[in-house]
Amino acid sequence: MNDRLKRFALALAAQGHEAALIARPENIRYLTGYTGEGMLLTVGMQPTILTDFRYVEQAARQAPGCCCVRTSDQKKPPAWVAELMREADARTLAFEADYMTVSAFEALQSALFGVAVKPMGPLIEGLRRVKDQTELDSIARACAIADQAFEQLLSTIALGMTEREVAIELDERMRRLGSEGPAFDTIAAAGVNGSLPHATPSDHVLSKGELLTLDFGARIDGYCSDMTRTVAIGRPEARLVELYDAVLEAHEAALRAVVAGAKGRTLDGIARKMLDARYPGAFGHSLGHGVGLQIHESPRLSQASSDVLEAGHVVTVEPGVYIEGLGGCRIEDTVFVTEDGCIDPIKSPKRLIIL
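These remarks concern the structure in this document. (Residues numbered from 1 in each chain as written. Predicted model: local features only at pLDDT ≥ 70, side-chain atom pairs only at ≥ 80, totals over all residues. Heavy atoms only, no water.)

1. Topic: the side chain of lysine 131
Consideration 1: Among the structural elements, lysine 131 can be located in the loop between helix 6 (123-128) and helix 7 (133-154).
Consideration 2: Within the structure, lysine 131 has its side chain in polar contact with the backbone oxygen of arginine 128 (distance 3.0 Å).
Consideration 3: Discounting residues that sit within four places of it in the chain, lysine 131 has contacts with Leu136, Ile139, Val291, Gly292, Glu297, Gly312 and Val314. (Helix = DSSP H or I, 4+ residues; strand = E, 2+ residues; numbered from the N terminus. Polar contact = N/O pair within 3.5 Å; in protein donor to acceptor, adjacent residues only side chain to side chain. Contact = heavy atoms within 4.5 Å.)

2. Topic: a nonpolar patch on the surface
Consideration 1: On the surface, Met1, Leu10 and Met45 cluster together to form a nonpolar patch covering roughly 290 Å² of accessible area.
Consideration 2: Of note, methionine 1 is situated in the segment before helix 1 (3-14). (Patch = residues over 30% accessible without salt bridge, like charges linked within 9 Å, V, L, I, M, F, W, Y side chains within 5 Å. Areas by Shrake-Rupley, 256 points an atom, 1.4 Å probe, with all protein chains shown as cover. Salt bridge = Lys/Arg side-chain N within 4 Å of Asp/Glu carboxyl O.)

3. Comments concerning helix 9 (residues 238-256)
Consideration 1: Taking 1.5 Å of rise per residue, the 19 residues of helix 9 would be expected to cover 27 Å, and the 27 Å separating its terminal C-alpha atoms lies within 8% of that figure.
Consideration 2: Within helix 9 the residues assigned to the buried category are Leu240, Leu243, Tyr244, Ala246, Val247, Leu248, Ala250, His251, Ala253, Ala254 and Leu255. (Expected span 1.5 Å × (residues − 1). Buried < 20%, exposed > 50% of the residue type's maximum accessible area, 1.4 Å probe, protein only.)

4. A closer look at the layout of surface pockets
Consideration 1: Here the largest pocket defines a volume of roughly 430 Å³.
Consideration 2: Phe184, Ile187, His198, Asp215 and His296 are, among the 26 residues lining the largest pocket, the residues nearest its centre.
Consideration 3: The set of elements that each furnish at least two residues to the lining of the largest pocket consists of helix 8 (163-176) and strand 12 (288-290).
Consideration 4: When grouped by side-chain class, the residues that make up the lining of the largest pocket number 10 nonpolar, eight polar and eight charged.
Consideration 5: As a volume, the second largest pocket reaches approximately 190 Å³.
Consideration 6: Contributing to the lining of the second largest pocket are 15 residues, with Pro25, Glu26, Arg29, Thr35 and Gly36 lying nearest its centre.
Consideration 7: Here the element with the most residues in the lining of the second largest pocket is helix 2 (residues 25-32); it accounts for four residues.
Consideration 8: Here the lining of the second largest pocket is composed, by residue class, of seven nonpolar, four polar and four charged. (1 Å grid on protein atoms, 1.4 Å probe; cavity = no way out; pocket = protein on both sides within 12 Å on 5 of 7 lines; lining within 4 Å. Points joined across faces, edges and corners; volume = space filled by probe spheres on them. Nonpolar A, V, L, I, M, F, W, Y, C, P; charged D, E, K, R; others polar.)

Listed below in structure tokens is the structure:
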């Protein structure tokens, strides 16, 4: 059993659970290294992967420290869970209530007799918050790929291209540089579409004087990067330059305050106070979020957050301003929290680039 599984087993026992059934792919990968379909059952210190014929060999290769049972239409996962629980004489089973479907839960519960099935809560997600060096290295590589792809993209963006064409080009460049795939659906929002924080790339044609916001990330070893840059297609009008400068100022102020011990609410407030003073209500989302095997993880940097940063956390800092009918701007880096500040692996310039 690896160290992550041991820490999880001890944390699970401390909650009073004898066993746990894990279905979220990112949690299974974090604990075992296995990336195929199926579930992970841990009973005490014994981890077992439940999967079908297609993934049995893959499970053996990726998670040699785990047992593996082959599920089938004749013996589905709930039946295997019930059998393994009986063999271990385990009477409590924790499950991921925020992930498992109602139908899957009902099938599981009907297969178990004399077993208390209880929500586990964000136990594994809590373990995942502080990244080890291997995880940090993977995220740093993903950041470097996104950086390089953006640098290469700048020379290809031209008047007449559509948002969709820009997004496709960016995704393809990240893949060629080694990304396993985009960390999330790439955003390319130009002109008035820039006021949509999560705009879907469209057939909008890039026009002179517009701002173009690009939000994208690469993925290495399953780990994500996340960055946003806003560039200008030709020289923009003065009020767009002022908007950009305000976002950059808020971004850099918040970034300087990132350090172990800082509160997520406080960091959000630094950027929000600055932007609300000039663009009231135009910064409508939170300042940032954790990044790892999922693009959105804990901790959160928001007005409602009670999270306190620790060394080893990886978070985004991404203030933005969005004005309907005019456009918008967001600037974002993914940073590594340290005891005395943060490390920013993203090197792309933040000054306004005019193409």
